Amino acid sequence: QVQLVESGGGVVQPGGSLRLSCAASGFTFSMYVMRWYRQAPGKERELVATITAAGGSTNYADSVEGRFTISRDNAKNTVYLQMNSLKPEDTAVYYCNAWSSTWPREYDYWGQGTQVTVSS
């Protein structure tokens, strides 16, 4: 049974930090690209950060570049999102995503989300 379980969300003041975790099980984690998405109320889901299967390459949305860091520990089947210098516009539900493909199939798994609220 595939599971992605996010944790670490909460309420933080502007300028503060949070570290999100996503624990994976039920699939070969080290073979999957991992991504963090977010969705704010009334907005479409937005890709925040991507890390390759081996962790050698990362990519970020312009809105979080320099403030957020994605990382993974394949021994622990966990991906992280370190969020620094948080802004009110970072308020959203953050989702963990796992993606892989073996032609012709694609495998795409989602967590349930964790709420991040940035407010004074």
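This text follows the structure it describes.
Residues numbered from 1 in each chain as written. Predicted model: local features only at pLDDT ≥ 70, side-chain atom pairs only at ≥ 80, totals over all residues. Heavy atoms only, no water.

K.L.:
What am I meant to see in the overall build of the protein here?
P.N.:
Within the protein one finds zero helices and 11 strands. Here the C-alpha radius of gyration of the protein, 14 Å, is about what a compact globule of 120 residues would show, namely 14 Å. Seen through its principal axes, the protein has C-alpha atoms that stretch 45 × 30 × 25 Å. Taken across its 120 residues, the protein has 42% of its residues classed as buried. For the protein, the proportion of contacts with a sequence separation of at least 24, taken over those separated by at least 6, is 53%. Here the protein has roughly 6,500 Å² of accessible surface; of this, 47% comes from carbon and sulfur atoms. When the 10 basic and 10 acidic side-chain charges of the protein are each reduced to a single mean position, those positions are 4 Å apart. (Helix = DSSP H or I, 4+ residues; strand = E, 2+ residues; numbered from the N terminus. Rg over C-alpha atoms; globule rule 2.2 N^0.38 Å. Buried < 20%, exposed > 50% of the residue type's maximum accessible area, 1.4 Å probe, protein only. Contact = heavy atoms within 4.5 Å. Areas by Shrake-Rupley, 256 points an atom, 1.4 Å probe, with all protein chains shown as cover. Lys, Arg positive; Asp, Glu negative; His and termini not counted. Charge placed at Lys NZ, Arg CZ, Asp CG, Glu CD.)

K.L.:
It is not clear to me how the packing of aromatic side chains should be interpreted in this structure. Could you clarify?
P.N.:
What describes a pair of aromatic rings is the distance from one ring centre to the other and the angle between the planes of the rings. Summed over the entire model, instances satisfying the criterion amount to four aromatic pairs. Here Tyr-32 and Tyr-109 contribute two aromatic rings whose centre-to-centre distance is 5.8 Å and whose plane-to-plane angle is 25°, an arrangement assigned as stacked. Of this pair, Tyr-32 sits in the loop between strand 3 (18–25) and strand 4 (33–39) while Tyr-109 is found in strand 10 (residues 105–110), placing the two residues 77 residues apart along the sequence. Note on Tyr-37 and Trp-110: the rings are 4.9 Å apart at their centroids and 50° apart in plane angle, and the pair reads as tilted. (Phe/Tyr/Trp six-rings, centres within 6.5 Å; stacked < 30°, edge-to-face > 60°.)

K.L.:
For this particular structure, what's the right way to read unusual backbone geometry?
P.N.:
Trans peptide bonds make up the majority, and among non-glycine residues the majority have a negative phi. Look at the link from Trp-103 to Pro-104: it is a cis peptide, with omega at 5°. As for its position among the elements, Pro-104 is in the loop between strand 9 (92–102) and strand 10. You will see that Asn-77, though not glycine, has its phi angle at about 55°, which is positive. Positionally, Asn-77 belongs in the loop between strand 7 (68–73) and strand 8 (78–83). The partly exposed category is assigned to Asn-77, whose relative accessible area is 27%.

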